[in-house]
Amino acid sequence: MRIAIVAESFLPLMNGVTHSILRVLDHLQERGDEVLVIAPSAHDGAAGDRVKGAEIHRLPAVPLAGYTNVRVAMGGVYRVKRILADYAPDVVHLASPFVLGWRAAQAAAQLGIPTVAVYQTEVPGYAARYGVPFLENWAWNRVENIHLLATRTLVPSTFALNQLRGRGIPRVRMWRRGVDTGRFSPDKRDDGWRASIAPAGHRIIGYVGRLAVEKQVEDLAALTGIPDTTLVVVGDGPQRAALEQALPGAVFTGFLGGGDLARAVASFDLFVHPGECETFCQTIQEAMASGVPVVATGRGGPLDLVENSRTGWLYEPGDLSALRGHVLDLVGDDAKRRAFGTAAHASVQDRTWPALCGELVNHYVDVIAEQPALSGAGNGKGAWA
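Within each chain, residue numbers correspond to sequence positions counted from 1 in written order. In keeping with the predicted nature of the model, local features appear solely for residues at pLDDT of at least 70, side-chain atom pairs appear and are counted solely at 80 or more, and the whole-chain, interface and lining totals rest on all residues. Water and hydrogen atoms play no part in the side-chain values, which are based on all heavy atoms of the structure.

**What to know about the layout of surface pockets**
It is a probe the size of a water molecule, rolled over the atoms, that shows where empty space is left.
Part 1 of the reasoning: Its boundaries defined by the atoms lining it, the second largest pocket holds a volume of some 230 Å³.
Part 2 of the reasoning: Lining the second largest pocket are 13 residues; nearest its centre among them are Arg189, Phe268, Asp269, Gly291 and Arg338.
Part 3 of the reasoning: A per-element tally of the lining of the second largest pocket places helix H13 (residues 334–347) first, with 4 residues. A 1.4 Å probe that fits but cannot get out identifies a cavity on a 1 Å grid over protein atoms alone, an open set with protein on both sides within 12 Å along at least five of seven lines counts as a pocket, and a residue lines either if it has an atom within 4 Å of a point. Grid points are joined across faces, edges and corners, and a volume is the space filled by probe spheres set on the points. Every helix listed is a DSSP run of H or I at least four residues long, and every strand listed is a run of E at least two residues long, numbered separately from the N terminus.

This is how it looks when you write it as structure tokens:
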């Protein structure tokens, strides 16, 4: 196939959207597909023009106010339409579409190219967190318009499925996220790393993710004063300085990737995630693959990932006393914590990226088949070559 992926964010910015795209690119490269990624320009202009076999087309972009490493692509529908017309893909993959993705959805519809829109970021839910709740309805209108126009929408969780169907979005299917069970494994636990973080032998409570308002990392202040524990915050973002003040006893490692991240996660005794706007939450799945039990808020993607009293605990959004209580329950009971971790590890072993990317390709095939006259039978040239 010939595929255009329109990415709302991409390298060098690493987040859940970029991570998913990179795993999809691995799979498509292995299959021998031709791929174009359309993405915002990097802040330093130094990003490469090919990644994992895919051609990267960068659009001029400006930094998002207050979050300078996130960039918003400039230009209108016509510019994206011209790129797609020149490339002539069989299918357009809209990765977490909102600004650039909205233009691409319109451009593809005008060209008659089928689209698969992947709902991955609950942008409307961010509005209140960033102090602009009056924008929530506008943001939902944008999300609805994109997914009404898409040939098919893919969502990562039951919560997101019900959320979009409840807003009248048709043609919605489930597409979860894979996890690298070779990279994230209990075998990566490192006693030396643990000793460097908690030399007194404390239980390590870990968080991994962006340090941004929507992640609600400040809620972890509810864990202050739990005896014989050390809180470790892995990640970076615009809230880091404020969080270092709000969580003075925590260890902040900054961004970790590759083997360093896998070692850190496997070395946690417990993983916590307080964010309420997660459509999936990949870091929870990585912790579970590492044999680490989870305490997370009971909204969004974690509802599908964490099984209460078996792989971890979920608490009602906003109930920080319950967050603290669940953490106390697990850090104070070694046998229970080990049992939860073993069950968590077993629960994700069939969620490999190759299997999930195979499902994605099947979705591509389905939407192409719905428009055979325009898909060009897989040669990328279609009826409008």
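Let us keep going from here.
**Overview of the pairing of strand S8 (residues 115–118)**
Part 1 of the reasoning: Both faces of S8 are covered, namely the face carrying Thr115 and Ala117 and the face carrying Val116 and Val118.
Part 2 of the reasoning: Paired strands, in this sense, are two strands between which DSSP finds at least two bridges. Here strand S7 (residues 91–95) runs beside S8; their pairing, made up of 4 bridges, is parallel. When the sheet's bridge partners are listed, His93 is paired in S8 with Val116.
Part 3 of the reasoning: Read as a crossover between parallel neighbours, the route from S7 over helix H3 (residues 100–111) to S8 is right-handed. Note on classification: 1.4 Å probe, protein chains only; a residue is buried when its accessible area is under 20% of the maximum for its type, exposed when over 50%, partly exposed between these limits. Look down the strands so they point away from you; if going from the first strand over the helix to the second traces a clockwise path, that crossover is right-handed.

**Overview of the confidence of the model for the protein chain**
Part 1 of the reasoning: For every residue, the predictor states its confidence as a pLDDT score lying anywhere from 0 to 100. Across the protein chain, the average pLDDT comes to 92, with 93% of residues at 70 or higher.
Part 2 of the reasoning: Residues are treated as being in contact if the distance between any of their heavy atoms lies within 4.5 Å. With pLDDT under 50 throughout, residues 373–385 is counted as low confidence; its partners more than four residues away or in other chains account for 27 contacts.

**Notes on the side chain of Arg337**
Part 1 of the reasoning: Counting through the fold element by element, Arg337 comes out in helix H13.
Part 2 of the reasoning: In the analysis that follows, any N or O atom pair within 3.5 Å is treated as a polar contact, provided that within protein one partner can donate a hydrogen and the other can accept it, and provided that, for residues neighboring in sequence, both atoms belong to side chains. At 3.0 Å, the side chain of Arg337 forms a polar contact with the side chain of Asp334.
Part 3 of the reasoning: For Arg337, the residues in contact, after removing those within four places along its chain, are Arg203, Asp269, Pro293, Leu330 and Val331.

**Considering the packing of aromatic side chains**
What describes a pair of aromatic rings is the distance from one ring centre to the other and the angle between the planes of the rings.
Part 1 of the reasoning: For this analysis, a ring pair means two rings from Phe, Tyr or Trp (six-membered ring only for Trp) whose centres lie within 6.5 Å, classed as stacked if their planes differ by under 30 degrees, edge-to-face if by over 60, and tilted for the remaining angles. Taken as a whole and assessed by the stated rule, the structure comprises 4 aromatic pairs.
Part 2 of the reasoning: Where Phe98 meets Trp138, the ring centres are 5.7 Å apart and the plane angle is 85°; that geometry is what we call edge-to-face. Placement of the pair is Phe98 in the loop between S7 and H3 and Trp138 in helix H5 (residues 136–149), with a sequence separation of 40 residues.
Part 3 of the reasoning: Given a relative accessible area of 10%, Phe98 falls into the buried group.
Part 4 of the reasoning: Judged by relative accessible area, which is 44%, Trp138 ranks as partly exposed.
Part 5 of the reasoning: Over the ring of Trp140 we find Arg167, and its NZ or CZ is 4.2 Å from the ring centre. Put simply, a charge is over a ring when the Lys NZ or the Arg CZ is close to the ring centre, within 6 Å, and near the line of the ring normal, within 35 degrees.

**Describing the packing of helix H2 (residues 77–87) against H3**
In a pair of packed helices, the angle between the axes and the distance between the axes together describe the arrangement.
Part 1 of the reasoning: Where H2 meets H3, the axes come as close as 8 Å, and the angle between the chain directions of the two elements is 55°. Comparing the axis directions of H2 and H3 gives the class oblique. Crossing hand, H2 versus H3: right-handed. On H3, the residues touching Val77, Val80, Lys81, Leu84 and Ala85 of H2 are Leu100, Arg103, Ala104, Gln106, Ala107, Ala108, Gln110 and Leu111.
Part 2 of the reasoning: Grouping the constituent residues of the contact of H2 with H3 by class yields 9 nonpolar, 2 polar and 2 charged. What counts as an axis is a line fitted to C-alpha atoms, over the stretch in contact for a helix, and the angles between N-to-C directions run from 0 to 180 degrees. The scheme is simple: roughly parallel for angles under 35 degrees, roughly antiparallel for over 145, roughly perpendicular for 65 to 115, oblique for anything else. Crossing handedness is defined as follows: a turn of the near helix away from the far one that is anticlockwise and smaller than a right angle gives a left-handed crossing, while the clockwise case is right-handed. Three classes are used: nonpolar for Ala, Val, Leu, Ile, Met, Phe, Trp, Tyr, Cys and Pro, charged for Asp, Glu, Lys and Arg, and polar for all others, with Gly counted as polar.

**Digging into the state of the cysteines**
Where two cysteines share a covalent bond between their sulfur atoms, that bond is called a disulfide.
Part 1 of the reasoning: Defined by distance alone, a disulfide is two cysteine sulfur atoms within 2.5 Å. Here the structure, examined in full by the defined rule, presents 0 disulfides.
Part 2 of the reasoning: Here Cys357 stays unpaired: no disulfide links it, and the sulfur of Cys281, its closest cysteine neighbor, is 19 Å away.

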